[in-house]
Amino acid sequence: RTPRSCMTDTTAQKRYRDSKEREIILSVDLGKMQDYTAYTISEILPESREEKSGATTKVKTVNVRDIQRLPLNVSYHDIANHLYDVFFDKRLWLIDPKTKDPILPTMLVDAGGVGEAVTDDMARRLGLLFTRYRLVRGTSETRKARRNFTVPRTRMFEQLYAAFTDDRIRINPKLKLADALLSELRNLKPEANEETGYVKVVHREGEHDDMAICLASTNWWANRPKRPGLRLVSDDDTVNRLMGIHPDGTR
């Protein structure tokens, strides 16, 4: 049996999405049969901060609401059923204040460990178009192919470290696995190759990093660069101004 998610700090009350930056992220690290499958539920909230210069900047904070680690030797079929129930739990939904339509969570899945075949099967069982990512060596740029990303592992954990130092990660200490998550984070260490100079972040031998990966991927996704939206110019006055045409029709 897989445990029911406790959804700590979430309620059955309707929660309106008062900002476009606000979202719920369900991040899953699928383990192999001898490894744990874990997931975190986090709420991304924008926060305004005043700098010494007097300027105000907006940052995104990751507020961890729930942490779960499923038992070993649970079939992927049962894992899919469990994640389905979690994803469609209405306590995780935000509400569009204008349309009153529900806004479902964003689901991230680490597809690197179990492989594409298992992840494809998981997507079919869930009936969801979730976002997949694979952690890779090196420090190259993140690459995207539709809903599939490859992300340098070292860079992802560097981003998480920066978020911690900037007080942008909040983990509810009342969560049952809060201490276990913090222990995983403390057990991460940089390991350098003297010949290549390449530095990678690894976990200590005999330890796990499944929950840490869930948190790191949540922070990465919440703070990834967004492409600016397409701006369409439709009124004649603006078109003429951009083309250097004066109101009287001369250039």
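Residues numbered from 1 in each chain as written. Predicted model: local features only at pLDDT ≥ 70, side-chain atom pairs only at ≥ 80, totals over all residues. Heavy atoms only, no water.

Structural notes on the pattern of salt bridges
Reasoning step 1: In the structure shown here, the tally under the stated rule is 17 salt bridges.
Reasoning step 2: Salt-bridge contacts for Asp 210 lead to Arg 69; the nearest nitrogen and oxygen are separated by 3.1 Å. With Asp 210 in helix α5 (residues 210-222) and Arg 69 in strand β3 (residues 56-69), this residue pair connects regions lying 141 residues apart in the sequence.
Reasoning step 3: Taking the shortest distance from any N to any O, the salt bridge between Arg 132 and Asp 120 comes out at 2.7 Å. Pair noted here: Arg 132 is in strand β7 (residues 131-136) and Asp 120 is in helix α2 (residues 116-126), with a separation of twelve residues, a long-range link.
Reasoning step 4: Overall, Asp 120 belongs to the partly exposed group, its relative accessible area being 31%.
Reasoning step 5: Each of Glu 47, Arg 49, Asp 166, Asp 167, Arg 168 and Arg 170 takes part in salt bridges that share partners, so that together they form one network. (Salt bridge = Lys/Arg side-chain N within 4 Å of Asp/Glu carboxyl O. Helix = DSSP H or I, 4+ residues; strand = E, 2+ residues; numbered from the N terminus. Buried < 20%, exposed > 50% of the residue type's maximum accessible area, 1.4 Å probe, protein only.)

Some details on empty space enclosed by the protein
Reasoning step 1: Tallied over the entire structure, the rule returns one cavity of 30 Å³ or more.
Reasoning step 2: Quantified by volume, the largest cavity comes out at close to 50 Å³.
Reasoning step 3: Around the largest cavity, the lining comprises twelve residues; the ones closest to its centre are Asp 35, Thr 37, Pro 71, Val 74 and Ile 79. (1 Å grid on protein atoms, 1.4 Å probe; cavity = no way out; pocket = protein on both sides within 12 Å on 5 of 7 lines; lining within 4 Å. Points joined across faces, edges and corners; volume = space filled by probe spheres on them.)

Side note on the confidence of the model for the chain
Reasoning step 1: With 76% of its residues at a pLDDT of 70 or more, the chain has an overall mean of 80.
Reasoning step 2: Across the chain, the secondary-structure element scoring lowest on mean pLDDT is strand β12 (residues 199-203), at 50, and the one scoring highest is strand β10 (residues 169-171), at 96.
Reasoning step 3: Residue range residues 8-12 is modelled with pLDDT below 50. Its contacts to residues more than four positions away, or to other chains, number twelve contacts. (pLDDT = per-residue confidence, 0-100. Contact = heavy atoms within 4.5 Å.)

A few points about the side chain of Asn 219
Reasoning step 1: Among the structural elements, Asn 219 can be located in helix α5.
Reasoning step 2: A distance of 3.4 Å separates a polar atom in the side chain of Asn 219 from the backbone oxygen of Gln 159.
Reasoning step 3: The contact partners of Asn 219, leaving out residues within four places of it in the chain, are Val 62, Gln 159, Leu 160, Ala 163, Arg 168 and Ile 169. (Polar contact = N/O pair within 3.5 Å; in protein donor to acceptor, adjacent residues only side chain to side chain.)

Some words on the nonpolar core
Reasoning step 1: One finds Ile 67, Tyr 133, Ile 171 and Leu 215 to be the most contacted residues of the largest nonpolar core, which totals 30 residues.
Reasoning step 2: Elements that contribute at least two residues to this core include exactly β2 (38-50), β3, β9 (148-152), α3 (153-165), β10, α4 (178-187) and α5.
Reasoning step 3: With eight residues, the top contributor of residues to this core is α5.
Reasoning step 4: One finds Leu 30, Val 86, Met 122 and Ala 123 within the second-largest nonpolar core, a separate group that totals 25 residues. (Core = buried A, V, L, I, M, F, W, Y, C linked by side-chain atoms within 4.5 Å.)

Concerning the sheet that holds β9
Reasoning step 1: Reading across from one edge, β8-β9-β7-β6-β1-β2-β3-β10 is the order of the eight strands in this open sheet, with mixed pairing throughout. With one partner strand each, in any of the chains shown, β8 (143-145) and β10 form the two edges of the open sheet. On average, adjacent strands in this sheet sit at an angle of 25 degrees to one another, irrespective of strand direction.
Reasoning step 2: In terms of strand pairing, strand β6 (residues 106-110) meets β7 through three bridges, oriented parallel. Across the sheet, the residue bridging to Asp 110 is Tyr 133, located in β7.
Reasoning step 3: The strands touched by α3 are β7, β9 and β10; relative to β9, the strand with the most contacts, the crossing angle is about 75 degrees. (Pairing = 2+ DSSP bridges. Axes fitted to C-alpha atoms, helices over the stretch in contact; angles between N-to-C directions.)

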